[in-house]
Amino acid sequence: MPRRLWGGLVAQLHARTGGETHESGAFLLGQMTEHGRRVSEVLYFDDLHPDVHARGVVDLPAAAFRRLWAIVRERGVQVVGDIHVHPHSARQSRIDRQNPLIAMRGHVAIILPNFARPRIRRWSVGVYVYEGDHQWQAVGGCGNRFLVLGDDHE
């Protein structure tokens, strides 16, 4: 993911928490390549559906997914992951584990702590890979190079 895109994403996720009153999140769009996932754009949950955070947590209705898949087809991209914020740690909640946004083996979910309040420490990011049947593998975050921030021209 280009550093500039990451910086804007983190800032927007924090700004979209309503003064740290609710979670926020986004789908990461781009391409899957032989070298991994390349993120080229971000689609925020509340742009897909304005009431997604009405209960304080991420709650995407079917209409939001219909819109997501239409955008993916129109732009010729893939959903390469999702990201959302938690109020405290970046550990998966029971709700996160039981309700993957994209229930396909290999889907990547990223969690940022502290409502994405600046400054996010690389080691504090949670990265989880869906293994199917509501099972996830925690793979760490930026610290183990699973999430690589590249130059903007990459």
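Placed above this text is the structure.
All of these numbers come straight from a predicted model, not from anything done at the bench.

*Asks:* Looking at this structure, I do not really get the side chain of D96. What am I missing?
*Replies:* Mapped onto the elements of the fold, D96 is located in helix α4 (residues 94-98). No salt bridge forms around the buried D96; measuring N to O, its nearest opposite-charge neighbour R97 is 7.0 Å away. Side chain to side chain, D96 and H84 meet in a polar contact 3.3 Å long. Contact partners of D96, with chain neighbours within four places excluded, come to H84, H86, R91, I111 and W136.

*Asks:* Please clarify how unusual backbone geometry should be interpreted in this entry.
*Replies:* Going from P118 to R119, the amide bond is cis rather than trans, its omega being 5°. In this structure, E20 is a non-glycine residue whose phi angle is positive, near 65°. Structurally, E20 can be placed in the loop between α1 (3-15) and β1 (25-33). In this model, N114 sits at a positive phi of 55°, which is unusual for a non-glycine residue. Along the chain, N114 falls in the loop between β4 (108-112) and β5 (126-132). What makes N114 partly exposed here is its relative accessible area of 33%.

Rules behind the numbers
Residues numbered from 1 in each chain as written. Predicted model: local features only at pLDDT ≥ 70, side-chain atom pairs only at ≥ 80, totals over all residues. Heavy atoms only, no water. Helix = DSSP H or I, 4+ residues; strand = E, 2+ residues; numbered from the N terminus. Buried < 20%, exposed > 50% of the residue type's maximum accessible area, 1.4 Å probe, protein only. Lys, Arg positive; Asp, Glu negative; His and termini not counted. Salt bridge = Lys/Arg side-chain N within 4 Å of Asp/Glu carboxyl O. Polar contact = N/O pair within 3.5 Å; in protein donor to acceptor, adjacent residues only side chain to side chain. Contact = heavy atoms within 4.5 Å.

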